[in-house]
Amino acid sequence: RRSSIYSLLSRSSGPASKMKMTAPVRTEMKTSSSVAKLQEEYSTSFVMGSKYEMGELPVPLNKNVTLRRIPGHFLAVKRFSGPPPTEEKVETYKAEILDTLSKNGLSASKGRTFVYQYHDPFATPNFLRKNEVAVAVSDKVASAVEKIRK
């Protein structure tokens, strides 16, 4: 999947036909990681620089790669250093996040787990890699956070 995204940046057409890879790379699992792996319910994406408008981005030549704007959302996150997490580590951190939310009277959206990776996968040694496992919080929690921020 990451190679499909890389090909968008290195072999595409349009006004910004080539651009540098950005961080983070985000993997979304729509169900538990073991079920997602079996059903291939993963999606991988990355954040385009804020200086680009949608019409300025490279046009994907691979039909499996799409460009879309992701609406703002709130996440509960567990940060850690090290190599990309195993499925077991993602599930462990997800359980920790859900437990912390529950203990604080909060809830997560159903079925959405994210893994964010902030490193060059080819050049950064494992001990310097920064990762996050995240779950989207419920609309009720997001609304409460928005009120606090204002």
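Check the entry above for the structure.
Now for a look at the structure at hand. Bear in mind that the values here come from a model prediction, so they are computed numbers and not experimental data.

This next bit is on the nonpolar core. With 13 residues, the main nonpolar core has A76, I97, L101, V133 and V137 as its most contacted residues. Counting residues per element, the ones that place at least two in this core are β3 (75–81), α3 (87–103), β5 (130–137) and α4 (139–149). Broken down by element, the residue count for this core peaks at 4 residues, all from α3. Those residues within four positions of A76 in sequence are excluded, and the remaining contacts are I97, L101, V133, A134, V135 and V137.

Turning our attention to the pattern of salt bridges. Under the defined criterion, the tally for this structure stands at 4 salt bridges. E132 is the partner of R79 in a salt bridge, and the nearest nitrogen-oxygen pair spans 2.9 Å. Here the residue R79 occupies a position in strand β3, and E132 occupies one in strand β5, the gap between them amounting to 53 residues. Using a relative accessible area of 67% as the deciding quantity, one classes R79 as exposed. One salt bridge in this structure joins K103 and D99, with 3.1 Å as the shortest N-O distance. Taken together, the residues K103 and D99, both in helix α3 and 4 residues apart, mark about one turn of the helix. Here K103 falls in the exposed class, since its relative accessible area comes to 66%.

Looking at the element boundaries, T113 is found in strand β4 (residues 108–117). The exposure class assigned to T113 is buried, which follows from its relative accessible area of 1%. Among the polar contacts listed, one links the side chain of T113 to the side chain of K94, at a separation of 3.2 Å.

Most of β5 sits inside the fold, with 7 of its 8 residues counted as buried. Note: β3 against β5, 7 bridges, orientation antiparallel. Bridging from a neighbouring strand, L75 pairs with A136 of β5.

Moving on: the packing of aromatic side chains. Counted by the stated rule, this structure contains 2 aromatic pairs. When the ring of F80 is compared with that of Y93, the centres are 4.8 Å apart and the planes differ by 45°; the resulting orientation is tilted. Here F80, found in strand β3, pairs with Y93, found in helix α3; they are 13 residues apart in sequence, far enough to count as distant. Across this residue pair, the class does not change: F80 and Y93 are buried.

What counts as what
- Residues numbered from 1 in each chain as written.
- Predicted model: local features only at pLDDT ≥ 70, side-chain atom pairs only at ≥ 80, totals over all residues.
- Heavy atoms only, no water.
- Core = buried A, V, L, I, M, F, W, Y, C linked by side-chain atoms within 4.5 Å.
- Buried < 20%, exposed > 50% of the residue type's maximum accessible area, 1.4 Å probe, protein only.
- Helix = DSSP H or I, 4+ residues; strand = E, 2+ residues; numbered from the N terminus.
- Contact = heavy atoms within 4.5 Å.
- Salt bridge = Lys/Arg side-chain N within 4 Å of Asp/Glu carboxyl O.
- Polar contact = N/O pair within 3.5 Å; in protein donor to acceptor, adjacent residues only side chain to side chain.
- Pairing = 2+ DSSP bridges.
- Phe/Tyr/Trp six-rings, centres within 6.5 Å; stacked < 30°, edge-to-face > 60°.

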